[in-house]
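Okay, here's what each chain looks like letter by letter:
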Amino acid sequence: MTGTKKMLVVVALTVLAAAGCTSAAQKQAATETAWVGSWAVAAQSGGRTFDKQTVRQIVHTSAGGSTARIRLTNVFGSAPLTLANVHLALSKGDAAADASTSTAVTFGGEPRVTMAAGASIESDPIAFDVPASADLAISAYLPDASQATTQHSFANRHNYVASGDQTTNATLDGAQTVDSYFFLAGLDVENAAAEGTLVALGASITDGFDSGFGANKRWPDLLSRRFSAAGRTVGVVNAGISGNKLLKDGAGESVQKRFERDVLSQPGVKWVILSDAAINDLGDDRPTGDQLITALRAVIQQSHDAGVQIFCSTLTPFKGTNYWSTQGESGREAVNAFLRGASSGCDGVIDLDAATHDPDNPATYLPAYDSGDHLHPNDAGMQAIADAVDLSLFR
């Protein structure tokens, strides 16, 4: 087998198993959790304002279920945020929704909800047949002028804004496209067959930057399809933020700061894959490998303290970008050596470096996987990353 073919199928995993690795907290969560996350995004500040407008946002599910709920957030808001006449429907593509499936969403039995600044809320359970790997349309009317909303800045797809209350319309009159998510944090499902929620945590590679626009080819989406093809019901939610860092705030709060909210607070969470955030630290701020390793140890411990298994992925290559340096490469090598070592504390290692680098030039992407900027994988590279995850780890 050639080196290139090996890269297409490589699954380099070090499973660090120990007797009694399933904690009492995990066992308790497995018996008590009714909900799993089917879709989610990580919250950021700086979203746009709205005034007497309908916002229709398209979400791509992982696990399906017979009951749903949505989660809204005003965590970075500076003033109360009111939403009314929220509806959930199957998407028919672009801004169109299947009116025959449109279902009202209530909050404490009411069709209107106001979230205080800094608050988040879950809807009442909704009797709705949520398909796996499907697009749903969530429409909400904002009856009052808002302040800047909480957002997820990079949606990698179009969402839609239109004047007036058009939440129950099959199509939106005069809709404008936006490429972010606003005040929407997640969609959860109930499914008796669901095994739990897996959170993908990282930066732009996890967020799907440079994957096919609107095509749901981020590696967490592709990983979800692998679970489905294997006959397993696992919620896979994406907590990537483009530009995010492990150590410092910037494009969103740092991984260290947001770990509790974006990972441990996800419904039904049993596992997390810690992925690519430290690449931006190495490119921009160039901390030492030891500084990053100290932060990684803290995150790994925080996950274990909560009874959540954490699987650590090695950092993919980034030589050829405008922020690569020999210092940054040394830091990447140090982090990867730590993660591959027996003392990392990770419950397993997913070797995304081995799965994506050029065997003839290990500091760079395999050309077939390079989107062209030498930092982000293309769709084939996203598939290689998804394929490098051993599904048997998640039990």
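Structural data are supplied above this passage.
All values reported here derive from a predicted model rather than from experimental measurement.

Analysis parameters
- Residues numbered from 1 in each chain as written.
- Predicted model: local features only at pLDDT ≥ 70, side-chain atom pairs only at ≥ 80, totals over all residues.
- Heavy atoms only, no water.
- Salt bridge = Lys/Arg side-chain N within 4 Å of Asp/Glu carboxyl O.
- Helix = DSSP H or I, 4+ residues; strand = E, 2+ residues; numbered from the N terminus.
- Buried < 20%, exposed > 50% of the residue type's maximum accessible area, 1.4 Å probe, protein only.
- Axes fitted to C-alpha atoms, helices over the stretch in contact; angles between N-to-C directions.
- Parallel < 35°, antiparallel > 145°, perpendicular 65-115°, else oblique.
- Left-handed = near helix turned anticlockwise from the far one by under 90°.
- Contact = heavy atoms within 4.5 Å.
- Nonpolar A, V, L, I, M, F, W, Y, C, P; charged D, E, K, R; others polar.
- Disulfide = S-S within 2.5 Å.
- 1 Å grid on protein atoms, 1.4 Å probe; cavity = no way out; pocket = protein on both sides within 12 Å on 5 of 7 lines; lining within 4 Å.
- Points joined across faces, edges and corners; volume = space filled by probe spheres on them.

Some points on the pattern of salt bridges
Between side chains of opposite charge, a pair can form when the charged atoms approach closely. Counted according to the given criterion, the structure contains 19 salt bridges. Arg-69 is the partner of Glu-122 in a salt bridge, and the nearest nitrogen-oxygen pair spans 3.4 Å. Of the two residues, Glu-122 is situated in strand β8 (residues 120-122) and Arg-69 in strand β4 (residues 65-73); the sequence distance between them amounts to 53 residues. For Asp-285, the salt bridge is made with Lys-245, and the minimal N-O distance between the two is 2.9 Å. Taken together, the positions of Asp-285 in helix α6 (residues 278-285) and Lys-245 in the loop between β17 (235-240) and α5 (255-264) put the pair 40 residues apart, joining distant regions of the chain. Exposure remark for Asp-285: the relative accessible area of 34% places this residue in the partly exposed category.

Re the packing of α5 against helix α7 (residues 289-305)
It is at 10 Å that the axes of α5 and α7 come closest, and there the two elements cross at 25°. Viewed along their axes, α5 and α7 adopt a mutual orientation that is roughly parallel. Helix-helix and strand crossings are classified by hand; for α5 and α7 the assignment is right-handed. Contacts between α5 and α7 involve Val-255, Gln-256, Phe-259, Glu-260 and Leu-264 on the former and, on the latter, Ala-295, Val-299, Gln-302 and Ser-303. Per-class residue counts for the contact of α5 with α7 are five nonpolar, three polar and one charged.

With respect to the state of the cysteines
Applying the stated criterion across every chain yields a total of one disulfide. Paired through a disulfide, Cys-312 and Cys-346 show a sulfur-sulfur distance of 2.1 Å. Here the disulfide of Cys-312 and Cys-346 is left-handed, its torsion about the S-S bond being about -95°. In this pair, Cys-312 sits in strand β19 (residues 309-313) while Cys-346 sits in the loop between α8 (326-340) and β20 (348-350), placing the two residues 34 residues apart along the sequence. Residue Cys-312 shares its accessibility class with Cys-346, and that shared class is buried.

A few points about the packing of helix α4 (residues 219-229) against helix α10 (residues 379-387)
Two elements in contact, α4 and α10, have axes whose closest approach is 8 Å; the angle formed by their N-to-C orientations is 50°. In terms of orientation, α4 and α10 fall into the oblique class. In terms of crossing hand, the pair formed by α4 and α10 is right-handed. On the side of α4, the interface is formed by Trp-219, Leu-222, Leu-223 and Arg-226, while α10 contributes Met-382, Gln-383, Ile-385, Ala-386 and Asp-387.

Here's the deal with empty space enclosed by the protein
The full count for this structure, using the stated rule, is six cavities of 30 Å³ or more. The calculated volume of the largest cavity comes to roughly 240 Å³. Looking at the largest cavity, it is lined by 23 residues, and the ones nearest its centre are Trp-39, Ala-40, Arg-218, Asp-221 and Asn-238. Residue assignment for the lining of the largest cavity shows that the elements contributing at least two residues are β2 (35-40), α4 and β17. Examining the composition of the lining of the largest cavity, we find that four residues originate from one element, α4, more than from any other. Of the residues in the lining of the largest cavity, the class split is nine nonpolar, nine polar and five charged. Lining the second largest cavity, in full, are Leu-246, Leu-274, Ser-275, Ala-277, Ala-278, Leu-296, Cys-312, Ser-313, Leu-315, Val-335 and Leu-339. Mapped by element, the contributors of at least two residues to the lining of the second largest cavity are β19 and α8. Counted by class, the lining of the second largest cavity contains nine nonpolar, two polar and no charged residues.

So, the layout of surface pockets
Computed from the structure, the largest pocket encloses a volume of approximately 280 Å³. Those elements that provide at least two residues to the lining of the largest pocket are β4, β8, β11 (151-152), β15 (184-190) and α5.

By themselves, these figures tell us nothing about what the structure is for.
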